[in-house]
Amino acid sequence: MEKDSDLAHEFQRAVGRPLRTRVPLRDYSSFRIGGDADYFFEASSTGDLAAALAFARGKIPCYVIGGGYNILFADAGFRGLIIRNRAEGLSGGIEEGRVSADSGTPIARIVQFAVAGNIGGLEFLAGIPGTAGGALSSNAGAFGQCIGDHVLEASVVDEKGQKTTLAKSGLELGYRDSRFRRKRETVLSIVLDARKGDKVASSAKISDYLEKRREKHPPWSVASAGSFFKNPTSPDGSKIPAGRLLEDVGARDVRIGGASVFQGHCNFIINTGNARAGDILQLAAELKERVKARFGILLEEEVICLGESLPGL
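Just so it is clear, the structure is predicted and the values come from calculations on it, not from any experiment. (Residues numbered from 1 in each chain as written. Predicted model: local features only at pLDDT ≥ 70, side-chain atom pairs only at ≥ 80, totals over all residues. Heavy atoms only, no water.)

Trainee: What exactly am I supposed to notice about the sheet that holds strand β1 (residues 20–24) here?
Mentor: Whenever strands of a sheet pair, they do so through backbone hydrogen bonds, lying parallel or antiparallel. With mixed pairing, the 4 strands of this open sheet are ordered in space as β1-β2-β5-β3. Sheet topology places β1 and β3 (62–65) at the edges, where each strand pairs with a single neighbour. Pairwise comparison of adjacent strand axes, ignoring direction, gives a mean angle of 40 degrees for this sheet. In the sheet, β1 pairs with strand β2 (residues 36–43) via 4 bridges, with the strands oriented antiparallel. Note on β2: the bridge partner recorded for Pro24 is Asp36. Along the sheet, helix α2 (residues 46–56) contacts β2, β3 and β5 (78–85); its crossing angle with β5, the most-contacted strand, is approximately 165 degrees. (Pairing = 2+ DSSP bridges. Helix = DSSP H or I, 4+ residues; strand = E, 2+ residues; numbered from the N terminus. Axes fitted to C-alpha atoms, helices over the stretch in contact; angles between N-to-C directions. Contact = heavy atoms within 4.5 Å.)

Written as structure tokens, this is what we have:
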């Protein structure tokens, strides 16, 4: 406890804002799973975010989260500092040909901003949870498009604390992938292209996309981290829906502990109310084994599993 107090005081002096201790990560998880983080901080600006990262560097294990989607926290929690990125900000428009978003800005706010500004092309983001930084990190997408199709550049801070701006070509974007999945770098802000659109047409597209998502995805009241597995690639380069493979191996009726496959779409694992991270992982392993045995395909997780100190439970 004395160590916690000393570090909290040191953090307050360095960053200028308080540090919380022993925070239940389940409260910040769309899975509603996870033990306590030793330390927890909510960054309300990119300055806060950079300062907290600078404080932690070389001193304490640190991991940045956004909306708490697409992640599974360990039952044992996290032995270090979790920074929740709530740095929100939007600017730009058609005249500038670009929209700048701080990395903690919710995707929903970006979509609303685009519609209000008659910006077209970003309608596919409607219904995707999380933040701008998280979306770029996983190159999130839907309906045949991904955020990387519209990114012009990103401002980042690397593991040494150096801030830099990376052009799209330097982001190493791929299917549900980017350099941020492999490097200890944190996104501070992103810049998207702003193509001229029409508010009425955009609103109609968004309504259509949201209805399609409602037909298959778990409702917001159901605890889930989104699509659990990436869609594998066939020999001809096309994507094979992971949900279809899982349905073909009878995944719909599989349940372990409090973890279950969602009845509406087999590529969603849900917490039925009392699941632990171990239940989710055991269920995922069972599903992967079935697909490997039947089709010779090894599914890869889209959800990030965060252990006590490093990704990977």
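Trainee: Would you take a moment to explain the packing of helix α3 (residues 107–116) against helix α5 (residues 199–216) for this structure?
Mentor: When two helices pack together, their arrangement is given by the angle between the helix axes and by the axis-to-axis distance. Closest axis-to-axis distance for the α3/α5 pair is 9 Å, and the angle between their directions is 150 degrees. Taken together, the axes of α3 and α5 are roughly antiparallel relative to one another. Here Val111, Val115 and Ala116 of α3 lie close against α5, whose contacting residues are Lys199, Ser202, Ser203 and Ile206. Its residues assigned to classes, the contact of α3 with α5 shows 4 nonpolar, 2 polar and 1 charged. (Parallel < 35°, antiparallel > 145°, perpendicular 65-115°, else oblique. Nonpolar A, V, L, I, M, F, W, Y, C, P; charged D, E, K, R; others polar.)

Trainee: What is the right way to read the environment of Asp198 from this model?
Mentor: As for its placement among the helices and strands, Asp198 is situated in the loop between β14 (195–196) and α5. Residues Asp198 and Gly257, 59 residues apart in the sequence, show an inter-C-alpha distance of 48 Å. Engagement of the side chain of Asp198 in a polar contact is seen with the backbone nitrogen of Val200, the distance being 3.1 Å. (Polar contact = N/O pair within 3.5 Å; in protein donor to acceptor, adjacent residues only side chain to side chain.)

Trainee: Whenever I open this one, the sheet that holds strand β11 (residues 151–157) confuses me. Can you help?
Mentor: Judged by pairing direction, the sheet is antiparallel, and its 5 strands sit side by side in the order β6-β7-β13-β11-β12 without closing on themselves. Both outer strands of the open sheet, β6 (90–93) and β12 (163–167), are each paired with one neighbouring strand and no more. Taken over all neighbouring pairs, the strand axes of this sheet differ in orientation by 15 degrees on average, direction set aside. Relative to strand β13 (residues 186–193), β11 is paired through 6 bridges, and the arrangement is antiparallel.

Trainee: What should I look at first to understand the environment of Ala54 in this one?
Mentor: Along the chain, the position of Ala54 falls in helix α2. Owing to a relative accessible area of 42%, Ala54 belongs among the partly exposed residues under this scheme. (Buried < 20%, exposed > 50% of the residue type's maximum accessible area, 1.4 Å probe, protein only.)

Trainee: Please explain the nonpolar core as it appears in this structure.
Mentor: What tends to happen in soluble globular proteins is that the nonpolar side chains get buried as a cluster. By size, the foremost hydrophobic cluster in this structure holds 32 residues, and its most contacted members are Ile107, Ile110, Leu125, Leu136, Ile147 and Ile190. Of all the secondary structure elements, the ones that give two or more residues to this core are β7 (98–102), α3, α4 (132–138), β11, β13 and α5. In terms of nonpolar packing, the next biggest core, distinct from the first, is built from 28 residues, Leu72, Val249, Val261 and Leu299 among them. (Core = buried A, V, L, I, M, F, W, Y, C linked by side-chain atoms within 4.5 Å.)

Trainee: Is there a simple way to explain unusual backbone geometry in this structure?
Mentor: Most peptide bonds take the trans form, and the phi angle of most residues other than glycine is negative. Even without glycine at this site, Asn139 takes up a positive phi of about 45 degrees. Among the structural elements, Asn139 can be located in the loop between α4 and β9 (141–142). Here Asn139 falls in the buried class, since its relative accessible area comes to 3%. The phi dihedral of Arg176 falls on the positive side, at around 50 degrees, and the residue is not glycine. Along the polypeptide, Arg176 turns up in the loop between β12 and β13. Residue classification places Arg176 among the buried positions, given a relative accessible area of 13%.

Trainee: I would appreciate a short explanation of the side chain of Asp48 in the present structure.
Mentor: By the element assignment, Asp48 lies in helix α2. Residue classification places Asp48 among the buried positions, given a relative accessible area of 11%. Apart from residues no more than four positions distant in its own chain, Asp48 is found in contact with Val15, Arg17, Phe41 and Ala43.

Trainee: Help me understand the pattern of salt bridges, please; the structure alone is not making it clear to me.
Mentor: Side chains that differ in charge, positive against negative, can pair when their charged atoms come close. Tallied over the entire structure, the rule returns 21 salt bridges. Across the pair Arg195 and Asp193 runs a salt bridge whose closest N-O atoms are separated by 3.0 Å. The exposure class assigned to Arg195 is partly exposed, which follows from its relative accessible area of 39%. The exposure class of Asp193 is buried, given its relative accessible area of 14%. (Salt bridge = Lys/Arg side-chain N within 4 Å of Asp/Glu carboxyl O.)

Trainee: Help me understand the packing of aromatic side chains, please; the structure alone is not making it clear to me.
Mentor: The description of an aromatic ring pair uses the distance of the two centres, along with the angle that the planes make with each other. A complete count under the given rule lists 6 aromatic pairs for this structure. Their ring planes at 85 degrees and their centres at 5.1 Å tell us that Phe11 and Phe55 sit as a pair that is edge-to-face. Here Phe11, found in helix α1 (residues 2–15), pairs with Phe55, found in helix α2; they are 44 residues apart in sequence, far enough to count as distant. Relative accessible area serves as the criterion here: at 0%, Phe11 is assigned to the buried category. Between Tyr28 and Phe40, the ring centres sit 4.5 Å apart and the planes meet at 35 degrees, which makes this aromatic pair tilted. Separated by 12 residues along the polypeptide, Tyr28 in the loop between β1 and β2 and Phe40 in strand β2 bring together distant segments of the chain. Each member of the aromatic cluster is reached from another via a ring pair, and the members are Phe11, Phe41 and Phe55. Over the ring of Phe55 we find Lys59, and its NZ or CZ is 4.1 Å from the ring centre. (Phe/Tyr/Trp six-rings, centres within 6.5 Å; stacked < 30°, edge-to-face > 60°. Lys NZ or Arg CZ within 6 Å of the ring centre and 35° of its normal.)

So far we have only geometry, and geometry alone does not tell us how the molecule works.
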